[in-house]
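Summary of the model geometry
Given next are the chains, with one letter for each unit.
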Amino acid sequence: DGLLKTSLVWSPAANGIVFVGVAQDNVDRTDIFLATADSAPTRLSSAPGYKVNPLVDPSGAFVVYSVVGMSPFGGRGAFPAATASEAVVLNLKSGAARTIAGIMTGSLTMSADGSAFAWIGAADDGTTTLYSSAPLTDGLIPIRAVSGAERITAPALSPNGQLVAYQLQRRAGSATDWDIF
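Given the structure is predicted, the values throughout are model-derived calculations rather than measurements.

Basis of the calculations
- Residues numbered from 1 in each chain as written.
- Predicted model: local features only at pLDDT ≥ 70, side-chain atom pairs only at ≥ 80, totals over all residues.
- Heavy atoms only, no water.
- Core = buried A, V, L, I, M, F, W, Y, C linked by side-chain atoms within 4.5 Å.
- Buried < 20%, exposed > 50% of the residue type's maximum accessible area, 1.4 Å probe, protein only.
- Helix = DSSP H or I, 4+ residues; strand = E, 2+ residues; numbered from the N terminus.
- Contact = heavy atoms within 4.5 Å.
- pLDDT = per-residue confidence, 0-100.
- Pairing = 2+ DSSP bridges.
- Axes fitted to C-alpha atoms, helices over the stretch in contact; angles between N-to-C directions.
- Salt bridge = Lys/Arg side-chain N within 4 Å of Asp/Glu carboxyl O.

A separate point is the nonpolar core. If you look at the biggest cluster of nonpolar residues, it comprises 12 residues: L4, V18, V20, V22, I32, L34, V56, V63, Y65, V67, F73 and V88. Contributions of two or more residues to this core are made by β2 (16–23), β3 (26–36) and β6 (62–68). Ignoring any residue separated from it by four or fewer positions in sequence, one finds I32 in contact with V18, F19, V20, T42, R43, L44, S45, K51, P54, V63 and Y65. In this structure, A87, I103, L108 and M110 belong to the second largest nonpolar core, which totals 11 residues.

Listed below in structure tokens is the structure:
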């Protein structure tokens, strides 16, 4: 199929594997693909950019991935890594896409049942906010905002998406000043 592949994720509802792929002769972008045992990989994404870190809803309703400034295949078309990225929630039934902008790179997580996302958002003024949202709706629920020396990291959702845990560092640079909420 001529694709380089990475970031394999099972898609139980589709009985296949979702992955990040790039054509060996065009490293200017990556895409999200679905491969099943009885067919060639199908491209799920269509917009330009480097797609990374796919998450798959267990019901098969959607796939979410981040769009970043650097190829997941290393030096091939690599650019400096961004501290903020966007995520795309792709509705696999309708083909509609929802974009969530300003996500701190690597912070997006999904509950085990696929009912909720959590992520850390970055504002231009340096404030960071922990958000939660249902996957296919535009409503955002701010959980906690911090600025200055405080930092929020490592959001984690309960399996049913009802609870969000996170780490809070009250003084940036302190190796021991972390609390879990």
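In the predicted model, the protein chain carries a mean pLDDT of 84, and the fraction of residues at 70 or more is 92%. Low pLDDT, under 50, characterises residues 76–82; the predicted model gives this stretch 14 contacts beyond four residues in sequence or across chains.

Sheet architecture is open: 3 strands sit in the order β13-β14-β15, paired in antiparallel fashion. At either end of the open sheet lies a strand with only one pairing partner, and these are β13 (151–157) and β15 (178–180). Along the sheet, successive strands turn relative to each other by an average axial angle of 15°, direction set aside. Pairing between β13 and strand β14 (residues 164–169): 5 bridges, direction antiparallel. Within β14, the position partnered with L157 by the bridge is V164.

Attention now moves to the environment of W10. Tracing the sequence through the fold places W10 in strand β1 (residues 3–11). It is 32 Å that separates the C-alpha atoms of W10 and R144, two residues lying 134 residues apart in sequence. What W10 contacts, discounting residues up to four positions off in sequence, is G16, I17 and V56.

With that out of the way, let us pick up the side chain of S85. Topologically, S85 is positioned in strand β7 (residues 84–91). Since its relative accessible area comes to 9%, S85 is described here as buried.

This part covers the pairing of strand β11 (residues 128–133). The buried count for β11 comes to 5 of 6 residues, which makes it a mostly enclosed element. Pairing analysis gives 6 bridges linking strand β10 (residues 117–122) to β11, with the strands arranged antiparallel. Counterpart to A118 in the pairing with β11 is S132. A loop of 5 residues connects β10 with β11, the two strands running antiparallel in sequence, and G126 in this loop sits at a positive phi of about 95°. Looking at chain direction, β11 and strand β12 (residues 141–146) are connected through 5 bridges and run antiparallel.

As a further point, take the pattern of salt bridges. Where charged atoms from two side chains of opposite charge come close, those side chains can pair. Throughout the structure, instances matching the rule amount to 5 salt bridges. Across the pair D31 and R43 runs a salt bridge, and its minimum N-O distance is 2.5 Å. Within this pair, whereas D31 is found in strand β3, its partner R43 is found in strand β4 (residues 39–43), the two being separated by 12 residues in sequence. One salt bridge connects R170 with E150, and the closest N-O pair in it is separated by 3.9 Å. One end of the pair, R170, is in the loop between β14 and β15; the other, E150, is in the loop between β12 and β13, with 20 residues separating them in the sequence. Accessibility expressed as a relative area gives 35% for R170, which makes it partly exposed. Counted as one network, the salt bridges with shared partners bring together R29, D31, R43 and K51.

Turning next to the sheet that holds β3. The 4 strands are arranged β1-β2-β3-β4 in an open sheet whose pairing can be described as antiparallel. For this open sheet the edge positions go to β1 and β4, each flanked by a neighbour on one side alone. Geometrically, the sheet is characterised by an average inter-axis angle of 30° between neighbouring strands, direction not taken into account. Summarising the sheet, β1 and β2 pair through 7 bridges and their orientation is antiparallel. Counted as the bridge partner of K5 is G21 from β2.

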